[in-house]
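Report on the structure
If you want the building blocks of each chain, they are given just below.
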Amino acid sequence: MATLSPEEFERYDRQLKIPSFGEEAQLRLKSSAVLIAGIGGLGSVAAIYLAAAGVGKLRIVDEGLVELSNLNRQILYFTEDINQPKVLAAEKKLMELNPLIEIEAIQEKITEENIEDLLRGVNLVVDGQDNFKTRFVINEACIRKSKPFIYGAVYGMEGRLMTIIPEKGPCLKCLIPSEPRELEKIPVIGPAPGIIGALEALEAIKLLTGIGEPAVGKLLVIDGERLSFEVVDVKQDPKCPVCGKK
């Protein structure tokens with residue numbers, strides 16, 4: 001019977017003390033794998049918390065190099081990392097944080113051609129993207145392969161979050177039927193992706209352990225400027241070209 005090592009009991013002590021959590025939930029995290037689709041502002045924060053929580057394997061995917069303008073929000077990177085591949089700099093920091101887990105670093109752009117390979121062997125996907133074109137590619141593949149997709153997005157001081165579980169609620173296309181206009185550079189203050197990325201990690205932990213109620217059919221909208229939090233009910237569109245009934 002699988003059990004945790006003495007080091008794992010000590011490392012995860014505080015979360016193991018949560019009455020609804022315990023050793024069984026920790027073992028579920030240990031045996032899980034998560035795809036973090038983009039390791040920028042959202043992905044950095046989600047990756048840190050998932051690694052710290054003891055998720056057994058993180059597959060981090062990003063084609064980019066660290067830039068000076070990333071450092072106001074992409075907290076996995078330091079000045080010394082500028083011009084280095086994001087996934088390699090992130091892998092190094094995450095392994096230093098928790099050497100008991102596995103990090104698979106893939107320096108690629110996510111496309112329709114490679115998304116199904118990237119999904120292979122993972123339990124769910126955390127959104128770390130900065131564009132909707134790629135998000136829609138991920139959303140469609142997750143619906144096809146019955147993989148949960150935790151959507152997160154930020155703009156300025158605002159953030160949004162929704163958890164997508166195939167056949168249990170609306171998908172990203174139900175929420176956003178038409179592809180929004182893309183900006184070359186999205187304005188953002190660092191704490192906004194920090195808040196949303198942390199919530200994405202929390203949703204992932206809940207799904208992996210079976211604890212709590214995920215935000216399925218619920219869009220969380222955070223306005224940091226006014227410090228308001230609103231939950232908007234989202235219905236599945238029966239005519240949705242991605243998840244609707246054929």
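The structure under discussion appears in the preceding block.
Below is a summary of the structure that appears in this document. (Residues numbered from 1 in each chain as written. Predicted model: local features only at pLDDT ≥ 70, side-chain atom pairs only at ≥ 80, totals over all residues. Heavy atoms only, no water.)

**Focus: the overall build of the protein chain**
- A tally of helices and strands in the protein chain yields nine helices and eight strands.
- With the C-alpha coordinates aligned to their principal axes, the bounding extent of the protein chain is approximately 50 × 40 × 40 Å.
- When the 246 residues of the protein chain are sorted by exposure, 52% land in the buried category.
- A fraction of 65% describes how many contacts in the protein chain between residues 6 or more apart in sequence connect residues 24 or more apart.
- Counting 30 positive and 36 negative side-chain charges, the protein chain places the centres of these two groups 4 Å from one another. (Helix = DSSP H or I, 4+ residues; strand = E, 2+ residues; numbered from the N terminus. Buried < 20%, exposed > 50% of the residue type's maximum accessible area, 1.4 Å probe, protein only. Contact = heavy atoms within 4.5 Å. Lys, Arg positive; Asp, Glu negative; His and termini not counted. Charge placed at Lys NZ, Arg CZ, Asp CG, Glu CD.)

**Description of helix α7 (residues 132-145)**
- Compared with the 20 Å implied by 1.5 Å per residue over 14 residues, the 20 Å span of α7 between its first and last C-alpha is a close match.
- The buried fraction of α7 is high, at ten of 14 residues.
- Buried within α7 we find Phe132, Thr134, Arg135, Phe136, Val137, Ile138, Asn139, Ala141, Cys142 and Ile143.
- Among the residues of α7, the N-terminal cap falls to Asn131, whose side-chain oxygen and the backbone nitrogen of Lys133 are separated by 3.3 Å.
- Where α7 ends, the next residue or the one after it, Ser146, has phi of about 55°, a positive value. (Expected span 1.5 Å × (residues − 1). Polar contact = N/O pair within 3.5 Å; in protein donor to acceptor, adjacent residues only side chain to side chain.)

**Some words on a nonpolar patch on the surface**
- Judged by side-chain polarity, Tyr155, Leu183 and Ile186 come together as a nonpolar surface patch covering roughly 250 Å² of accessible area.
- Inspection of the secondary structure puts Ile186 in the loop between α8 (172-175) and α9 (191-209). (Patch = residues over 30% accessible without salt bridge, like charges linked within 9 Å, V, L, I, M, F, W, Y side chains within 5 Å. Areas by Shrake-Rupley, 256 points an atom, 1.4 Å probe, with all protein chains shown as cover. Salt bridge = Lys/Arg side-chain N within 4 Å of Asp/Glu carboxyl O.)

**Observations regarding the sheet that holds strand β7 (residues 218-223)**
- Spatially, the eight strands line up as an open sheet ordered β3-β2-β1-β4-β5-β6-β7-β8, and their pairing is mixed. A single partner strand is all that each edge strand has here, and the edge strands are β3 (102-106) and β8 (228-233). Shown here is a sheet whose adjacent strand axes are inclined to one another by a mean of 15°, direction ignored.
- Here α7 sits on the sheet and contacts β1 (33-37), β4 (124-127), β5 (149-155) and β6 (158-164); the angle it forms with β5, its principal contact strand, is near 165°.
- Sheet strands in contact with α9 are β1, β4, β5, β6 and β7, and its direction is about 170° off that of β5. (Pairing = 2+ DSSP bridges. Axes fitted to C-alpha atoms, helices over the stretch in contact; angles between N-to-C directions.)

**Let's talk about the packing of helix α4 (residues 41-53) against α9**
- Where α4 meets α9, the closest approach of the two axes is 7 Å, and the angle between their N-to-C directions is 40°. The angle between the axes of α4 and α9 places the two elements in the oblique class. Relative to α9, the crossing made by α4 is right-handed. Contact residues: α4 offers Gly41, Leu42, Val45, Ala46, Tyr49, Leu50 and Ala53, while α9 offers Pro193, Gly194, Ile196, Gly197, Ala198, Glu200, Ala201, Ala204 and Ile205.
- For the contact of α4 with α9, the per-class residue count stands at twelve nonpolar, three polar and one charged. (Parallel < 35°, antiparallel > 145°, perpendicular 65-115°, else oblique. Left-handed = near helix turned anticlockwise from the far one by under 90°. Nonpolar A, V, L, I, M, F, W, Y, C, P; charged D, E, K, R; others polar.)

**Some points on the nonpolar core**
- Core analysis: the biggest nonpolar cluster contains 42 residues, and Val34, Ile36, Ile39, Leu50, Leu58, Ile60 and Val126 have the highest contact counts within it.
- Not counting residues up to four positions away in its chain, the partners in contact with Leu58 are Val34, Ile36, Ala47, Leu50, Ala51, Ile101, Glu102, Ile103 and Glu104.
- Ranked by size, the runner-up nonpolar core spans 33 residues in total, among them Ala37, Ile138, Tyr151 and Val221. (Core = buried A, V, L, I, M, F, W, Y, C linked by side-chain atoms within 4.5 Å.)

**Some details on the environment of Gly224**
- Structurally, Gly224 is set in the loop between β7 and β8.
- Separated by 67 residues in sequence, Gly224 and Met157 place their C-alpha atoms 4.9 Å apart.

**Points about the environment of Gln236**
- With respect to the helices and strands, Gln236 occurs in the segment after β8.
- Of the residues examined, Gln236 reaches a relative accessible area of 34% and is grouped as partly exposed.
- Look past the residues within four positions of Gln236 in its chain and what remains in contact with it is Gly169, Pro170, Cys174 and Cys243.
- Among the polar contacts made by the side chain of Gln236, one reaches the main-chain carbonyl oxygen of Cys243 at a distance of 3.4 Å.

**A word on the pairing of β8**
- Counting buried residues along β8, only zero of its six residues qualify, which leaves the element largely exposed.
- Strand direction decides the pairing type here: β7 and β8, joined by six bridges, are antiparallel. Bridge assignment links Ile222 to a residue of β8, and that residue is Phe229.
- Taking the residues between adjacent antiparallel strands as the criterion, β7 and β8 are bridged by four residues, where Leu227 takes a positive phi near 50°.

Coordinates in, geometry out; function isn't part of it.
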